[in-house]
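Per-entry structural report
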Amino acid sequence: MRENMMNKKERLQTIIAALILIGVFLFPIWKIDLQAPQYPEGIGLRIWVNQITGFNEFDLNNINKLNHYIGMKEIVPSSIPELKIMPYIVLFLIAFGILVSILKNKRFLTIWLSLIIILMIAGLYDFYIWGYDYGHNLNPNAPIKVPGMSYQPPLLGSKQLLNMKSISLPDIGSYFIGISFLLGSYVLFNKKK
Amino acid sequence: MSTKQKARFIISIFFIALIYSCSGNNGKPGTSDAAEKVYVAPGEYDEFYAFMSGGFSGQITVYGLPSGRLFKIIPIFAQHPENGYGYTPETKPMLQTSYGEIPWDDAHHPELSQTDGTPDGRWIFINANNTPRVARVNLSTFETEEIIEIPNSAGNHGSPFITMNTEYVVASTRFSVPIPQKDVPISSYKENFKGTISFIKVNPENGRMNIEFQILVPGFNYDLAHAGKGPSHGWAFFTSYNSEQANTLLEINASQNDKDFIAAINWKKAEEYIKEGKGKKYNSEYYHNIYNDETHTATSNVEKEILVLDPKDCPGLIYYLPTPKSPHGVDVDPSGEYIVAGGKLATVIPVHSFSKMIKAIENKEFISEIFGIPVLKYESVIAGEVEDPGLGPLHTEFDGNGYAYTSAFISSEIVKWKLGTWEVVDRIPTYYSIGHLMIPGGDSKTPFGKYVVALNKITKDRYLPTGPELCQSAQLIDISGDKMKLLLDFPTIGEPHYAQGIPAEILMKGQKKIYELGKNNHKYGLRSEKDAKVEKNGNDVHIYMSTTRTHFKPDNIEGIKIGDKVYFHITNLEQDWDIPHGFAVKGMNTAELLIMPGQTRTAIWEPKSEGVYPFYCTDFCSALHQEMQGYVRVSAKNSSNELKYN
């Protein structure tokens, strides 16, 4: 029982691990960059905990304009329910982390870390579903139809979609989740007293 | 001489001639060295923007230096069918004057705004000569934002020269006229004709202009100006000719006096006199046209009054510097000390000293007085004379390294001379009849040097002939070394009368890429395609139309009848740089529209016969541009066809 309890230093580290998650509110979690000759200045999307923005000010508008050629649905951030839920999930994780530190019990820390992993996998899966839907669910009357072609962006990495090279990568917000998770794991597994 | 010797002699003569003919091509570039210096590789930028007057095209043209590539034509005083400027109800007010709508003028002197005597890249001003006006172009949008008419003026040539911090742009009248205008015999010139010099105040926040005051001056011809800087800040200098006040055959009758004048005006003193209430209000109607880039629409305001100062009531306001002989150009060196005059008929270039002028004023070294304006003693104000400056020296620009470059119209050359010693150090021919010349920043406190551009009047034998009318031309000359070197000839649009240059980096960072749709406050603008609609009030049909890649909304309109006036109010919903859309209807009696992202423009169409009329996008916008089209059905006046659209 006693070895499950955290010492002062570990409790402090746990609080820091929880607070690092605030970074998720300050930076985008994911980025999808598109590369094409007509966009020397770059064009792309940034997915935040509660919104989707363009890499440049009007990119979302312009990507929607481009997508209409292939019959892709318009991306309307205000109609994506996940963007409304996600901030609460992150707030919950921060609160849970602080609670773990108060309760001092490493078993709760294990639960907290497991939750992060589960939520991350769920998030990625959800992202995949959205990508699949946008990429496959095309308007049958689209001006450009390429037999056998779908426009699902890669989950991670890069993929050529017609003239666009689509590159999908975690953004700074995700690094905060990673650091928070690593710090939490360090507290859990570090045996030195 | 033996036969052998003879042969050798002939051969050597032949070789000398050959060598001479190769080296004698003074000023011909044709070398890879020159080509390299003007070559801007694909994807690379020019080092300078050059803004050239379009002369009688009424426009400004924008070139890159050193490449000489044309980037853009900015319509100012002239209608421009390429984008509908001056045809659309949004832009027509820009061409309004107290004489009605004037779709043309003669634009001569582009002048960049300055901060502390250095071009700052905010605005460029230019004059309209024929119907006196001054325009301001915003250099983040490259669009004309304001045009103000100048009353009591005729031949607005000495304009719009700028003070060190853009406090004022000044404008002088070339033709003296009765003020206020009245029906008098032309032979009563001396008695009835007057000149004016206008000081147009520039609002430092938004560039808005207003004519703060005018100064009534004797009826000479005033034709060029430059403001003081550094120690001479607060003064402006204006050349005048025809001090004879002749009114016929001026080439003879205005060339009699050995010396005409540069008028030195103390505008800080003028401000004091205005504060003291010395200005008199004159009734004069003049137009002030302002373009708003949120309503995307220009409005004309009519001003009714102007404040005029009479030098007779304002001692110390103006002094005359005697200057030989029919001076034309007046240029102030970067230090602000030297005032260089270019006399069309002079054999030397007289250079006045500002500090000597101030001393001469203090010591009252006057030789006479004209209409209450003291004339200073030539010997007391002259700093030096440049001997052998070429025939017909006109204009001078400076390189910031102590050298001046003067254009000589008659002898077609640029003459380089040293400030202080007044000695000529270099000269280079121009092709041909150079008027102004331009060094980037060359009339400011901080010349950027490197190049001088010759702005020529005649291009015989320089280009492929194009019938009786040949192209106009500029020439780029390298001034980075001791010897001037011709690098490039390039044709221009209209008359490249004068030009200004500025390092590209100063302008590039401030470029506006789009107009924000969220700020589009055009009366008939749209924020979204959902708002597209057609409304009919009596015979007026207002079509609120949107454009986006690659369709119009609505694209089919029926129920238009003969006698209707159809307004296509078109908003470009794009928010991406360089995605304009165009618009034209078959048989429309005006120009096409070019509509920038976020902008609204209106085309007015009055169909005259029944039928179905196509309209289409004129500016290749993207894939499926060719599909971007629609139809309007026009029915008889008494037809029962209802208005409908989709």
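See the structure above.
We now turn to the structure provided with this report.

**Section: the overall build of chain B**
Assigned secondary structure in chain B consists of eight helices and 46 strands. Against the globule reference of 26 Å for 646 residues, chain B gives a C-alpha radius of gyration of 28 Å, in line with a compact fold. Dimensions of chain B, computed from C-alpha atoms along their principal axes, come out at roughly 95 × 85 × 45 Å. For chain B, the residues scored as buried account for 58% of the 646 residues in total. Of the charged side chains in chain B, 62 are positive and 77 negative; the average position of the first set lies 1 Å away from that of the second.

**Quick look at the state of the cysteines**
Applying the stated rule across the entire model yields zero disulfides over all chains. The cysteine Cys617(B) is free of any disulfide, with Cys621(B) supplying the nearest cysteine sulfur at 4.1 Å.

**A short note on the sheet that holds strand 3 (residues 70–75) of chain B**
Residues and elements named next belong to chain B. The four strands are arranged 3-2-1-35 in an open sheet whose pairing can be described as antiparallel. Whereas interior strands pair on both sides, the edge strands pair on one side only; in this sheet they are strand 3 and strand 35 (499–503). Each neighbouring strand pair of the sheet contributes to a mean axis angle of 20°, computed without reference to strand direction. Note: strand 1 (residues 48–53) against strand 2 (residues 59–65), six bridges, orientation antiparallel. When the bridges of strand 2 are listed, Ala 50 appears paired with Tyr 63.

**Considering the sheet that holds strand 33 (residues 472–478) of chain B**
Residues and elements named next belong to chain B. Read from one edge to the other, the open sheet built from four strands follows the order 31-32-33-34, with strand pairing classed as antiparallel. Of all the strands in the sheet, the pair left with one neighbour each is strand 31 (434–438) and strand 34 (485–492). Sheet twist, expressed as the average angle between the axes of neighbouring strands with direction ignored, equals 25°. Of the strand pairs in this sheet, strand 32 (residues 451–456) and strand 33 are connected by six bridges, and their pairing is antiparallel. Bridge pairing in strand 33 links Val 453 to Leu 476.

**Things to note about the pattern of salt bridges**
Counted by the stated rule, this structure contains 31 salt bridges over all chains. Across the pair Glu146(B) and Arg136(B) runs a salt bridge, and its minimum N-O distance is 2.9 Å. Of this pair, Glu146(B) sits in strand 9 (residues 143–149) while Arg136(B) sits in strand 8 (residues 133–138), placing them 10 residues apart in sequence. For the pair Glu146(B) and Arg136(B), a shared accessibility class is recorded, and that class is buried. Residues Asp313(B) and Lys280(B) are paired through a salt bridge, measuring 3.5 Å at the closest nitrogen-oxygen approach. Linking Asp313(B) in the loop between strand 19 (297–309) and strand 20 (318–324) with Lys280(B) in strand 18 (residues 280–292), this pair joins segments that are 33 residues apart in sequence. Several salt bridges share partner residues, and in doing so they unite Asp33(A), Arg46(A) and Asp171(A) into one network.

**Concerning the packing of helix 1 (residues 8–20) of chain A against helix 4 (residues 82–103) of chain A**
For any two helices packed against each other, one specifies the inter-axial angle together with the distance between the axes. All names here are of chain A. Closest axis-to-axis distance for the helix 1/helix 4 pair is 8 Å, and the angle between their directions is 175°. The orientation of helix 1 with respect to helix 4, classified from their angle, is roughly antiparallel. Here helix 1 contributes Arg 11, Thr 14, Ile 15, Ala 18 and Leu 19 to the contact with helix 4, which in turn contributes Ile 94, Gly 97, Ile 98, Val 100, Ser 101 and Ile 102.

**Digging into the pairing of strand 24 (residues 366–370) of chain B**
Residues and elements named next belong to chain B. By the bridge criterion, four bridges tie strand 24 to strand 25 (residues 373–376) in an arrangement that is antiparallel. Its bridge partner being in strand 25, Ile 370 is matched across the sheet by Ile 373. Counting the residues between successive antiparallel strands, the hairpin from strand 24 to strand 25 contains two residues, one of them, Phe 371, with a positive phi of roughly 50°.

**Overview of a nonpolar patch on the surface**
Residue and element names in this part refer to chain A. A cluster of nonpolar side chains, contributed by Leu 124, Tyr 125, Tyr 128, Ile 129, Tyr 132, Leu 155, Leu 156 and Leu 169, occupies part of the molecular surface with about 730 Å² of accessible area. The element best represented in the nonpolar patch is helix 5 (residues 106–136), accounting for five residues. Looking at Leu 156, the relative accessible area reads 57%, which means it is exposed.

**Comments concerning the nonpolar core**
Generally speaking, nonpolar side chains in soluble globular proteins are found buried as a group. Residues and elements named next belong to chain B. Membership of the largest hydrophobic core comes to 28 residues, with the highest contact counts inside it found for Phe 199, Ile 215, Phe 238, Leu 309, Leu 317, Ile 318 and Tyr 320. When sequence neighbours within four positions are dropped, the list of residues in contact with Leu 317 reads Ile 215, Ala 264, Ile 265, Asn 266, Lys 269, Ala 270, Tyr 273, Leu 309 and Pro 311. If you look at the next biggest cluster of nonpolar residues, it comprises 25 residues, including Val 62, Ile 76, Met 94 and Ile 124.

**Quick word on the interface of chain A and chain B**
The interface is formed by 11 residues belonging to chain A together with 12 residues belonging to chain B. In total, about 940 Å² of surface goes out of reach between chain A and chain B, with carbon and sulfur atoms giving 50% of it. On the chain A side of the contact with chain B, Phe58(A), Lys65(A) and Tyr69(A) bury the most area, a combined 51% of that side's loss. Summed over the shared surface of chain A and chain B, the result is zero salt bridges. Along the contact surface separating chain A from chain B lie four residue pairs in polar contact (both at pLDDT 80 or more). Classifying every residue of the side of chain A that touches chain B by side-chain character gives five nonpolar, three polar and three charged.

About the criteria used
- Residues numbered from 1 in each chain as written.
- Chains lettered and ligands numbered in written order.
- Predicted model: local features only at pLDDT ≥ 70, side-chain atom pairs only at ≥ 80, totals over all residues.
- Heavy atoms only, no water.
- Helix = DSSP H or I, 4+ residues; strand = E, 2+ residues; numbered from the N terminus.
- Rg over C-alpha atoms; globule rule 2.2 N^0.38 Å.
- Buried < 20%, exposed > 50% of the residue type's maximum accessible area, 1.4 Å probe, protein only.
- Lys, Arg positive; Asp, Glu negative; His and termini not counted.
- Charge placed at Lys NZ, Arg CZ, Asp CG, Glu CD.
- Disulfide = S-S within 2.5 Å.
- Pairing = 2+ DSSP bridges.
- Axes fitted to C-alpha atoms, helices over the stretch in contact; angles between N-to-C directions.
- Salt bridge = Lys/Arg side-chain N within 4 Å of Asp/Glu carboxyl O.
- Parallel < 35°, antiparallel > 145°, perpendicular 65-115°, else oblique.
- Contact = heavy atoms within 4.5 Å.
- Patch = residues over 30% accessible without salt bridge, like charges linked within 9 Å, V, L, I, M, F, W, Y side chains within 5 Å.
- Areas by Shrake-Rupley, 256 points an atom, 1.4 Å probe, with all protein chains shown as cover.
- Core = buried A, V, L, I, M, F, W, Y, C linked by side-chain atoms within 4.5 Å.
- Buried area = accessible area lost by both parts, 1.4 Å probe.
- Polar contact = N/O pair within 3.5 Å; in protein donor to acceptor, adjacent residues only side chain to side chain.
- Nonpolar A, V, L, I, M, F, W, Y, C, P; charged D, E, K, R; others polar.

Interpretation note: all reported values are geometric properties and have no functional meaning in isolation.
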